[in-house]
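Breakdown of the fold
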Amino acid sequence: MDILSTDIELVTSLQADNIEAFDLIYERYSKRLYSFGLKYLKSNAEAEELVQSVFLKVWENRKILKKELSFKSYLFTIAYNDICKFFRKLHYQNQFIDEVQYENAQASSYAEESIDFKSVLGRVEKMIDTLPERQKIIFRKSRIEGLSTKEIAEELKLAPGTIDNYISEALKGLRDKIQKEDILLVLFTTLFIF
């Protein structure tokens, strides 16, 4: 197989688990995907991570690739969706930080003025880590990564109602744990957990 092979030939070989075809696809499209990502993400590291994410999805879905469709369009659609998820996640994180800082300002008469956010966030992370594995994974995808119920359901191949049940159970468990903590942690996590 040479570098001049068509995308259809490469996809056909890839479906047969041909690593050389995967390498040729990577060689053909990785730089273009990197440039595309860099244009929006403005970060070399994020653009490189985007390329890795796209090709990981290609490898994972190689058996169900549709040869008759444009492979290039398929790659750039994955990249575009990943970029959208990145900005959605960034938006949620920034919104969370803004809301926590606002809550802290409002609660300054009840708590110390200076909060060691890393310490408190570490305590929240420890609480999340105590959740059952499936709840923990789904909760992180929902509340940390900012994925919708539908996106999580598709990714984990579960019904949306099942996802909602896992999130509800995780929230209930975290609320119980938080009620036992000090007021500072409760204030910090109010918008995150409830």
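No experiment lies behind these values; they were computed from the predicted model shown. (Residues numbered from 1 in each chain as written. Predicted model: local features only at pLDDT ≥ 70, side-chain atom pairs only at ≥ 80, totals over all residues. Heavy atoms only, no water.)

1. Re unusual backbone geometry
Its identity as a non-glycine residue notwithstanding, D17 has a phi of 65 degrees, on the positive side. Take D17: it is sitting in the loop between α1 (7-15) and α2 (19-41). D17 gets classed as partly exposed once you look at its relative accessible area, which sits at 36%. One non-glycine residue, K157, lies in the positive phi region at around 55 degrees. Its place among the elements puts K157 in the loop between α7 (149-156) and α8 (160-179). Overall, K157 belongs to the exposed group, its relative accessible area being 73%. (Helix = DSSP H or I, 4+ residues; strand = E, 2+ residues; numbered from the N terminus. Buried < 20%, exposed > 50% of the residue type's maximum accessible area, 1.4 Å probe, protein only.)

2. Things to note about the side chain of Q135
Its location among the elements puts Q135 in helix α6 (residues 133-144). The exposure class assigned to Q135 is buried, which follows from its relative accessible area of 12%. If we skip the residues at most four places from it in the chain, Q135 touches Y166, E169 and A170. (Contact = heavy atoms within 4.5 Å.)

3. Thoughts on the confidence of the model for the protein
In the predicted model, the protein carries a mean pLDDT of 79, and 76% of its residues have values of at least 70. This stretch, residues 190-194, has a pLDDT under 50; its non-local contacts, to residues over four places away or in other chains, come to 16 contacts. (pLDDT = per-residue confidence, 0-100.)

4. Structural notes on the nonpolar core
Membership of the largest hydrophobic core comes to 22 residues, with the highest contact counts inside it found for Y29, L33, V58, F71 and L75. Broken down by secondary-structure element, the contributors of at least two residues to this core are α1, α2, α3 (44-60) and α4 (71-106). The greatest single-element share of this core, amounting to 7 residues, is contributed by α2. Those residues in contact with L75, other than ones at most four positions away along the chain, are Y29, L33, V54 and V58. Core analysis: the next-biggest nonpolar cluster, separate from the first, contains 14 residues, I128, L131, I138 and L147 among them. (Core = buried A, V, L, I, M, F, W, Y, C linked by side-chain atoms within 4.5 Å.)

5. Describing α2
One full turn of an α-helix is made of 3.6 residues, so residues set three or four places apart face in the same direction. Roughly 40 degrees is the biggest bend found in α2, and it falls at Y29. Every buried residue of α2 is accounted for by A21, F22, L24, I25, Y29, S30, L33, G37 and L41. Remark: K42 follows α2 within two positions and exhibits a positive phi of approximately 55 degrees. (Bend = angle between axes of the 7 residues up to and from the residue.)

6. Structural notes on the packing of aromatic side chains
Scanning the model with the defined rule gives 8 aromatic pairs in all. Taken together, a centroid distance of 5.3 Å and an interplanar angle of 80 degrees make the contact between F36 and F76 edge-to-face. With a gap of 40 residues between them, F36 in helix α2 and F76 in helix α4 connect regions that are remote in the sequence. Linked through ring pairs, F22, Y26, F55 and W59 together constitute an aromatic cluster. Here the guanidinium or amino end of R62 rests over the ring plane of W59, the centre of that ring lying 3.8 Å away. (Phe/Tyr/Trp six-rings, centres within 6.5 Å; stacked < 30°, edge-to-face > 60°. Lys NZ or Arg CZ within 6 Å of the ring centre and 35° of its normal.)

7. Notes on the packing of α2 against α3
Packing of α2 against α3 brings their axes to within 8 Å, and their N-to-C directions diverge by 140 degrees. Judged by the sense of rotation from one axis to the other, the crossing of α2 with α3 is right-handed. Counting all contacts with α2, which are made through I19, F22, I25, Y26, Y29, S30, L33, Y34, G37, L38 and L41, the residues of α3 involved are N44, E46, A47, E48, L50, V51, Q52, V54, F55, V58 and W59. In terms of residue class, the contact of α2 with α3 is made up of 16 nonpolar, 4 polar and 2 charged. (Axes fitted to C-alpha atoms, helices over the stretch in contact; angles between N-to-C directions. Left-handed = near helix turned anticlockwise from the far one by under 90°. Nonpolar A, V, L, I, M, F, W, Y, C, P; charged D, E, K, R; others polar.)

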